[in-house]
Amino acid sequence: MTEQEINRAVQYVTASTSYGRDTVNDIIRTGLSELESLASSTATHFERPALLEYICRWTIRRTGLPEPQVREVLGCAGRWLDDMCEAVAREKPELLTEGPSS
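Here goes a summary of the coordinates provided. (Residues numbered from 1 in each chain as written. Predicted model: local features only at pLDDT ≥ 70, side-chain atom pairs only at ≥ 80, totals over all residues. Heavy atoms only, no water.)

Remarks on the overall build of the protein
Heads up, the rule is: Numbered from the N terminus, helices here are DSSP runs of H or I no shorter than four residues, and strands are runs of E no shorter than two. Accessibility throughout is a Shrake-Rupley quantity obtained with a 1.4 Å probe, and a residue counts as covered only by protein chains that appear here. This count recognises Lys and Arg as positive and Asp and Glu as negative, with His and chain-terminal groups excluded. In plain terms, the charge of a residue is placed at NZ if it is Lys, CZ if Arg, CG if Asp and CD if Glu.
On a plain count of helices and strands, the protein comes out with four helices and zero strands. Projected onto its principal axes, the C-alpha positions of the protein cover 40 × 30 × 20 Å. By element, 53% of the accessible surface of the protein is carried by carbon and sulfur atoms, the whole surface being about 7,100 Å². Distance from the positive charge centre (11 side chains) to the negative charge centre (16 side chains) of the protein: 3 Å.

What follows is the structure, given as structure tokens:
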């Protein structure tokens, strides 16, 4: 994700929840950093629910924030990402197709 996309996600989640921008930003960036680390260090396929559970628990431990707050923010950010993927699929489906294998 680009910095602009992360900022849009933070803005969306802040507007959709009762949490402050700084808290939302911390939760999203912490979760994304672990997701990025996991993606670059393993080729294992994870089902979405298991991956979300892992990222939530890791973010809770890392930030020290309450579980319900972290789950709500990451859940809302996930819905934002789903909406963006659906928009891309409608407008530019070729961006979501897998390219040739290396």
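Observations regarding the pattern of salt bridges
The condition is simple: Salt bridge criterion: a side-chain nitrogen from Lys or Arg within 4 Å of a carboxyl oxygen from Asp or Glu. Per-residue accessibility, obtained with a 1.4 Å probe over protein chains only, is compared with the maximum for each type, and a residue is labelled buried under 20%, exposed over 50%, and partly exposed between these values.
Tallying each qualifying case throughout the model produces five salt bridges. One salt bridge in this structure joins Arg-29 and Glu-3, with 2.4 Å as the shortest N-O distance. Here Glu-3 lies in helix H1 (residues 3–16) and Arg-29 lies in helix H2 (residues 21–41), a separation of 26 residues in the sequence. Using a relative accessible area of 28% as the deciding quantity, one classes Arg-29 as partly exposed. Judged by its relative accessible area of 46%, Glu-3 falls in the partly exposed class. Where Glu-53 meets Arg-71, a salt bridge forms, and the shortest distance between an N and an O atom there is 2.8 Å. One end of the pair, Glu-53, is in helix H3 (residues 48–63); the other, Arg-71, is in helix H4 (residues 67–91), with 18 residues separating them in the sequence.

Considering the layout of surface pockets
In plain terms, the rule: Cavities and pockets were defined on a 1 Å grid built over protein atoms only: a cavity is a set of grid points that admits a 1.4 Å probe from which the probe cannot escape, a pocket is an open set flanked by protein on both sides within 12 Å along at least five of seven lines, and lining residues are those with an atom within 4 Å of any such point. Grid points are joined across faces, edges and corners, and a volume is the space filled by probe spheres set on the points. Charged residues are taken to be Asp, Glu, Lys and Arg, nonpolar residues to be Ala, Val, Leu, Ile, Met, Phe, Trp, Tyr, Cys and Pro, and polar residues to be all remaining types, Gly included.
In this structure, the largest pocket spans a volume of roughly 740 Å³. Considering the residues around the largest pocket, the lining is formed by 25 residues, among which Leu-32, Leu-35, Leu-51, Ile-55 and Leu-81 are closest to the centre. Broken down by element, the residue count for the lining of the largest pocket peaks at nine residues, all from H4. Here the residues of the lining of the largest pocket sort into 16 nonpolar, six polar and three charged. Its boundaries defined by the atoms lining it, the second largest pocket holds a volume of some 160 Å³. For the second largest pocket, the full set of lining residues is Met-1, Glu-5, Arg-8, Trp-80, Leu-81, Met-84, Cys-85, Ala-87 and Val-88. The set of elements that each furnish at least two residues to the lining of the second largest pocket consists of H1 and H4. The biggest single contributor to the lining of the second largest pocket is H4, with six residues. The residue inventory of the lining of the second largest pocket, partitioned by class, reads seven nonpolar, no polar and two charged.

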